[in-house]
Amino acid sequence: MIINTTAVYVLWLREMKRSIRAKSRVVGALAMPLFFLAFLGLGFNRMGVPGLGGGLKYIHFLVPGILGMSLLFSSTFAGLSVLWDREFGFLKEIMVTPVNRVSIVVGRIAGGTTSALIQGLMLLIIAMVIGFRIPGPAAFLLAFLFMLLIAVTFIGLGLIFASVMKDMQGFGIIMNFVMFPMLFLSGAMYPLKNLPAVVQMLSYIDPLTFGIDGLRGALLGVSVFPVLFDLLVMAAFSVVMVVLGAWFFERSESV
Amino acid sequence: MDAIQVENLTKKFDGFTAVDDLSFSVPSGELFGLLGPNGAGKTTTINMLATLLKPTSGRARVAGFDIARNRDDVRRSIGIVFQDPALDGKLTGRENLEFHAMMYGLDRATRRTRIAEVLELVELADKAKILVEKYSGGMKRRLEIARGLIHRPRVMFLDEPTLGLDAQTRRHIWDYIRKLNKETGVSIVLTTHYMEEADYLCGRVAIMDAGRFAALDEPARLKDVLGGDVVSLELDAASESLSDQVRKLAWVKRVKLHGAELSLTLERGDRRIPELIALAQKNKTTVVSVNLHKPSLEDVFLHFTGKTIREQDQDQNERGRPSRGPHGGRR
């Protein structure tokens, strides 16, 4: 099936216009990771969390974790936004057009990824204002690649949920039983080796674990796994999630 | 060529049959109406024809294309106005139209002329730069009609185009629909549960009830089934002799004496009233009041389904409409 670039562009454009017009939503989405960064950072910085590696300060350890968290939430919500379109009827308008379904999925992913990345970059800039340092352009580009893969992976996941759920009622369940466990299992806020071995096993099926580890490798030079390994795992996760997301989306009925 | 051909179309939701073995065709250029209460299966029928729902069984062709096998060709040939608004409120009117035009692959120059054209048609050119969430219900409806026309569809589906609009806006939209059908020659299928709407607009009307067609014909001929107008004469006292005399008149089809009220079914009732009053006077009976009732599609609906459309709506509400979840929407 050939990707309809005009359709991808216009779907992306719609997403951009919507986010620019919903400034309060962007501010709100930035507030949570910033609070986490500020209060966890201040609260634990002096305690000396064990196992950070490389003589890191806790707040520096935390920055890639909170970046991953911000990407997890904004991307999953971007995938789930199909539910809003279903609620407001706009999904029907999209689905009745002669655009192939793969292009519609690609358009959504393009829009959602851009919004998530912009938020991530804003967060990174704020972190730099309060003293976080990125080693150099190469490190930044590598981190950006990880951000991209995290965003794409979780938009795919959001699309799967949106296609299965039909309405917004399951939203709380997904929030509490999928997204928060994924966040805590990923080692965003503490080193994974501080978790019991059994729980660590669960961490290894959480894509965010490898995403955040990769971000730490890129930005801090400290990671549990080799960065290349993280990169390959994230690439695999993103491909699988996008294919599954497209597959579920294609099969869901839009009315 | 027919705009729509439907053969044995059926849709079941978890054992509930929403559309039951429907067969009909709509010739090109016709304004065809589906009339029925909520839950009769009108929207489900339209959603299947618009490729949004897969039929459980049966076949249909829209603009010559099979709805199951040539979905993209069908999508390219149709325009649709959904029952519930399907606009992006965070975009302006023009942006909503632009989005649609690009999804249909129109180039920049064509987009500009067509959008100007349809905005003119629905008289929204001066409101095009306002966010749609600030539009009134009538403006949203008009914008959706405009949007459905941008890609010049051969078949247009209008699902309850005037639901929830005030009388003036409704008239306005009726006139658009007529003008549209006449000027562009687009075939139009509309669903409604307003009798006047079907009567005023449609060349043919299908009366739909519980997933099936109870009747299908021109509004005038559907009304003919009822045998004509009903003239009710309220008399000062019951008069058997008058009723017997009236019964002998060739142009009176049915006579009913109910207490002091004499009801007659006849054609062209308005022209016969003087004669009837004269006859009553000869009989020394005084006519207290006269009531002339021209048959409406409401009566036709009652005749074919045994219920008024309002009673049907209530029944549906009590039984609970079949829907998936609280936002499943009406079908």
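Data block above holds the structure.
Just so we're clear, the structure is a prediction, and the values are computed from it rather than from any experiment.

Counting its secondary structure elements, chain B contains 12 helices and 14 strands. Expressed along its principal axes, the backbone C-alpha trace of chain B runs to roughly 80 × 45 × 40 Å. Classification of the 331 residues of chain B by burial places 42% in the buried group. Put simply, 68% of the contacts in chain B that link residues at least 6 apart link residues at least 24 apart.

Another aspect to go through is the interface of chain B and chain A. Contacts between chain B and chain A engage 27 residues on the former and 24 residues on the latter. Going through the elements one at a time, α2 (71-77) and α3 (93-103) of chain B are the ones with two or more residues in the side of chain B that touches chain A. Across the side of chain B that touches chain A, the residue classes break down as 14 nonpolar, five polar and eight charged.

Before going further, it helps to examine the nonpolar core. The biggest cluster of nonpolar side chains holds 139 residues, and the ones touching the most others in it are Phe157 and Val189 of chain B. Residue contributions to this core peak at 14 residues, all from helix α6 (residues 137-165) of chain A. In this view, Phe157 of chain B contacts Ile46, Leu49, Ala50, Ile78, Ile80 and Val189 of chain B; residues no more than four positions away in its chain are not counted. Among the nonpolar cores identified, the runner-up in size contains 10 residues, and Leu235, Leu264, Leu276 and Ala280 of chain B belong to it.

Attention now moves to the packing of helix α3 (residues 58-87) of chain A against α6 of chain A. Residue and element names in this part refer to chain A. Following both chains from N to C, one finds α3 and α6 inclined at 35 degrees, their axes separated by 7 Å at the closest point. When you trace α3 past α6, the crossing you get is right-handed. Contacts between α3 and α6 involve Gly68, Leu71, Leu72, Ser75, Thr76, Phe77, Ala78, Gly79, Leu80, Val82 and Leu83 from the first element and Met147, Ile150, Ala151, Phe154, Ile155, Gly156, Leu157, Gly158, Leu159, Phe161, Ala162 and Met165 from the second. A per-class count over the contact of α3 with α6 returns 17 nonpolar, six polar and no charged.

Residues and elements named next belong to chain B. An order of β12-β13-β11-β14 is seen for the four strands of this open sheet, with the pairing classed as antiparallel. Edge positions in the sheet fall to β12 (252-258) and β14 (287-293), since each of these pairs with one other strand and no more. The average angle at which neighbouring strand axes cross in this sheet is 15 degrees, direction not considered. Contacting β12 and β13 (261-266), helix α9 (residues 240-248) crosses the sheet at an angle of about 165 degrees to β12.

We now examine the environment of Phe210 of chain A. All names here are of chain A. By the element assignment, Phe210 lies in helix α9 (residues 207-220). Given 29 C-beta atoms within 10 Å, Phe210 falls into the buried group. Sequence spacing of Phe210 and Phe132 is 78 residues, and the spatial spacing of their C-alpha atoms is 21 Å. Not counting the four nearest positions on each side in its chain, Phe210 is found in contact with Phe225, Asp230, Val233 and Met234.

Procedures and definitions
Residues numbered from 1 in each chain as written. Chains lettered and ligands numbered in written order. Predicted model: local features only at pLDDT ≥ 70, side-chain atom pairs only at ≥ 80, totals over all residues. Helix = DSSP H or I, 4+ residues; strand = E, 2+ residues; numbered from the N terminus. Buried ≥ 20, exposed ≤ 12 C-beta atoms within 10 Å, placed from the backbone. Contact = placed C-beta atoms within 7 Å. Nonpolar A, V, L, I, M, F, W, Y, C, P; charged D, E, K, R; others polar. Core = buried A, V, L, I, M, F, W, Y, C linked by C-beta atoms within 7 Å. Axes fitted to C-alpha atoms, helices over the stretch in contact; angles between N-to-C directions. Left-handed = near helix turned anticlockwise from the far one by under 90°. Pairing = 2+ DSSP bridges.

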